[in-house]
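Residues per chain, in single letters:
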Amino acid sequence: MMAGSDDSRLAGNILLFCRTLRAAGIPVGPAQVLDALRAVTSVGLTRRDDFCSALRAVLVTDPSQFRLFEQSFHVYFRNPRLLERMISLLLPSIERRAADGGTALRRLAEALFATASDRTDEAVAEIDQSGSYSAREVLRQKDFEQMSLAEQAEAKELLLSDIEPLCNIPTRRFRVHPFGNRHDLRRSMQLMIRNDGQLLCLAKKRRRERPPVLVLICDISGSMSHYSRMFLLFAHALRAHLPTVHSFVFGTRLTNISRRLADRDVDAALAQVAAEVEDWDGGTRIAASLERFNVDWARRVLAQNAVVLLLSDGLERDTEADLQFQMQRLHRSCRRLIWLYPMLRFDGFAPKAFGIRTMLPHVDLFLPAHNVDCLAALARILNQERRFGVVAGHPAIAA
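All values reported here derive from a predicted model rather than from experimental measurement. (Residues numbered from 1 in each chain as written. Predicted model: local features only at pLDDT ≥ 70, side-chain atom pairs only at ≥ 80, totals over all residues. Heavy atoms only, no water.)

A word on the packing of aromatic side chains
Applying the stated rule across the entire model yields eight aromatic pairs. Ring geometry for Trp-339 against Tyr-341: centres 5.6 Å apart, planes inclined by 70°, an arrangement best described as edge-to-face. Across the pair, Tyr-341 and Trp-339 agree in class, each one buried. The rings of Phe-248, Phe-293 and Trp-297 are connected pair by pair, giving a single aromatic cluster. In this arrangement the basic side chain of Arg-300 is found over the ring face of Trp-297, its NZ or CZ atom lying 4.7 Å from the centre. (Phe/Tyr/Trp six-rings, centres within 6.5 Å; stacked < 30°, edge-to-face > 60°. Buried < 20%, exposed > 50% of the residue type's maximum accessible area, 1.4 Å probe, protein only. Lys NZ or Arg CZ within 6 Å of the ring centre and 35° of its normal.)

What about the pattern of salt bridges?
Across all of its chains, the model carries six salt bridges by this definition. Arg-56 is the salt-bridge partner of Glu-70, the closest N and O atoms lying 3.1 Å from each other. Of the two residues, Glu-70 sits in helix H4 (residues 66–76) while Arg-56 sits in helix H3 (residues 48–59), which places them 14 residues apart along the sequence. Salt-bridge contacts for Arg-336 lead to Asp-364; the nearest nitrogen and oxygen are separated by 3.9 Å. Separated by 28 residues along the polypeptide, Arg-336 in strand S8 (residues 336–340) and Asp-364 in the loop between helix H15 (354–359) and strand S9 (365–367) bring together distant segments of the chain. (Salt bridge = Lys/Arg side-chain N within 4 Å of Asp/Glu carboxyl O. Helix = DSSP H or I, 4+ residues; strand = E, 2+ residues; numbered from the N terminus.)

So, the nonpolar core
Leu-214, Leu-216, Phe-231, Phe-234, Leu-309 and Ile-338 are the most contacted members of the largest nonpolar core, which totals 46 residues. For this core, the element with the most residues is helix H10 (residues 225–241), which contributes nine residues. If sequence neighbours within four positions are ignored, Leu-214 has contacts with Leu-166, Leu-238, Leu-242, Thr-244, Val-245, His-246, Val-307 and Leu-382. Of all hydrophobic cores here, the second largest spans 29 residues; its members include Ala-287, Ala-298, Leu-302 and Leu-310. (Core = buried A, V, L, I, M, F, W, Y, C linked by side-chain atoms within 4.5 Å. Contact = heavy atoms within 4.5 Å.)

A word on unusual backbone geometry
In this model, Asp-196 sits at a positive phi of 60°, which is unusual for a non-glycine residue. If you trace the backbone, Asp-196 turns up in the loop between helix H9 (185–194) and strand S3 (204–210). Even without being a glycine, Asp-281 presents a positive backbone phi close to 55°.

What to know about the sheet that holds strand S7 (residues 307–311)
Strands in a sheet are paired, the pairing made by backbone hydrogen bonds, and the direction either parallel or antiparallel. One open sheet accounts for six strands, arranged S6-S5-S4-S7-S8-S9; its pairing is mixed. Strands at the two margins of the open sheet, each flanked by one partner only, are strand S6 (254–256) and S9. Taken over all neighbouring pairs, the strand axes of this sheet differ in orientation by 20° on average, direction set aside. Sheet topology note: the strand S4 (residues 214–219)/strand S5 (residues 245–250) ladder contains six bridges and is parallel. (Pairing = 2+ DSSP bridges. Axes fitted to C-alpha atoms, helices over the stretch in contact; angles between N-to-C directions.)

Looking at the pairing of S8
By the criterion of burial, S8 is predominantly enclosed, with four of the five residues buried. Relative to S8, S7 is paired through five bridges, and the arrangement is parallel. Along S8, the bridge assignment pairs Val-307 with Arg-336. The parallel pair S7 and S8, bridged by helix H14 (residues 323–333), forms a crossover whose chirality is right-handed. (Right-handed = clockwise from strand over helix to strand, strands pointing away.)

A short note on the packing of helix H8 (residues 149–162) against helix H16 (residues 372–383)
The geometry of H8 relative to H16 is characterised by a closest axis approach of 10 Å and an angle of 20° between their N-to-C directions. Accordingly, the angle class assigned to the pair H8 and H16 is roughly parallel. Here H8 and H16 pass one another in a crossing that is right-handed. Residues Ala-155, Leu-158, Leu-159 and Asp-162 of H8 touch H16, and the partners they reach there are Val-372, Leu-375 and Ala-376. (Parallel < 35°, antiparallel > 145°, perpendicular 65-115°, else oblique. Left-handed = near helix turned anticlockwise from the far one by under 90°.)

Comments concerning the pairing of S5
Across a regular strand the side chains alternate sides, sitting on one face of the sheet and then on the other. Of all six residues in S5, five are buried, a share of seventy percent or more. The handedness of the S4 to S5 crossover, carried by H10, is right-handed. Examined bridge by bridge, S5 and S6 share three bridges and lie antiparallel to one another. Across the sheet, Phe-250 pairs through a bridge with Leu-254, a residue of S6. Remark: three residues form the turn of the hairpin made by S5 and S6, two consecutive strands paired antiparallel.

A word on the sheet that holds strand S2 (residues 182–183)
Strand order in the open sheet made by the three strands is S1-S3-S2, with antiparallel pairing throughout. In this open sheet, the two strands that pair with only one neighbour each are strand S1 (169–176) and S2. By the bridge criterion, five bridges tie S1 to S3 in an arrangement that is antiparallel. Each residue of the ladder has a partner; that of Val-176, found in S3, is Lys-205.

Structural notes on a positive patch on the surface
Where like charges cluster on the molecular surface, the positive patch consists of Arg-173, Arg-175, Arg-206 and Arg-208. If you list the elements that add at least two residues to the positive patch, you get S1 and S3. Mapping Arg-206 onto the fold places it in strand S3. The partly exposed category is assigned to Arg-206, whose relative accessible area is 32%. (Patch = residues over 30% accessible without salt bridge, like charges linked within 9 Å, V, L, I, M, F, W, Y side chains within 5 Å. Areas by Shrake-Rupley, 256 points an atom, 1.4 Å probe, with all protein chains shown as cover. Lys, Arg positive; Asp, Glu negative; His and termini not counted. Charge placed at Lys NZ, Arg CZ, Asp CG, Glu CD.)

Let's talk about the confidence of the model for the protein chain
Detail in the predicted coordinates should be disregarded across regions flagged by low pLDDT. Across the protein chain, pLDDT averages 76, with 79% of residues at or above 70. When the criterion is pLDDT under 50, residues 80–103 qualifies, and its contacts beyond four places in sequence or with other chains add up to 31 contacts. Across residues 119–133, confidence stays below pLDDT 50; counting only partners more than four residues off in sequence or on other chains, it has 18 contacts. (pLDDT = per-residue confidence, 0-100.)

What to know about the packing of helix H2 (residues 30–43) against H3
Axes are the key here: two packed helices are described by the angle between their axes and the distance separating the axes. Between H2 and H3, whose axes approach to 9 Å, the crossing angle comes to 155°. Considering the angle they form, H2 stands roughly antiparallel to H3. In terms of crossing hand, the pair formed by H2 and H3 is right-handed. Two secondary-structure elements touch here, H2 through Gln-32, Asp-35, Ala-36, Ala-39, Val-40 and Val-43 and H3 through Asp-50, Phe-51, Ala-54, Leu-55, Val-58 and Leu-59. The class makeup of the residues in the contact of H2 with H3 is nine nonpolar, one polar and two charged. (Nonpolar A, V, L, I, M, F, W, Y, C, P; charged D, E, K, R; others polar.)

Right under this line is the structure:
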């Protein structure tokens, strides 16, 4: 066992090292710091490799962070006066290795410098932070399927804060407006009659605007479980800003959950959805579910040129169903049909499955939906309707 002074010195060093890792971009919580102290006490300090492995086992949860941890460990524990000299030691290596891994080294230098500045009042050096990423920025680009429960909770907060409120869209009808961009001949003639036939001024008009109508159809089968929950959070966030949002989920059958998502508490709303929907994490019948939507709901919710957002992996189990006819009917009934496909994030993606090849020709946009950035970008794309009248960019991939 170690003496009391050595034990306290070791605890202080490990605490400073954990703060350095946290500043470098590796998420380390208070519980992990305590686990690190217990792990080091268990393995002892006789071997440097055992000491490093014990810290890495409890402080690093993502394999992609192993390299940054090893660099932090070897640099931090090289000698006791490293913190006073780390700027001169690390900055030359950053210049030489900018092409391969320079971002990790720069982030490590900034973290060590931040730790050193807490312990000394000497002059502070400025380091370029243009290549560094905060933990929240990394989380925005992380795949929903790779997130832990704690990261999903944080991603929910990011999603609610990043989504822009959707703007109203112009309609075909006009209304009188003093700063309109068109002349209202009928109103001008009425004013002329009131003024004894004298045309004193020309009345103007502009288009009326109304909130856009969105219809969200979400696949909740087993293969889509990691993405469907985040998409329902996205639907709830849209519902909070926009009253004209209709939400549906389907696995083997179609369920309307629009009223459930009207609850302001997102957790309570999703709990009600989970209690009502019986085919969650089950199989997939895309054609049958779209048929029920086209027959029972299309005329009710698509009457005002709605935009349909379809989240699905396109893995149709029933190959005998007429999926092409149902997709064609849905496409003709709405203003725009946007297919959100999580697997589109892979560079080598090719539409080889039967369902994907059948659905693609009837889609206006084919977009990825695997992280927070994709869903936030989708809200920005929908806002382009106000300016252009159509959803611009990101054309669908040809089958």
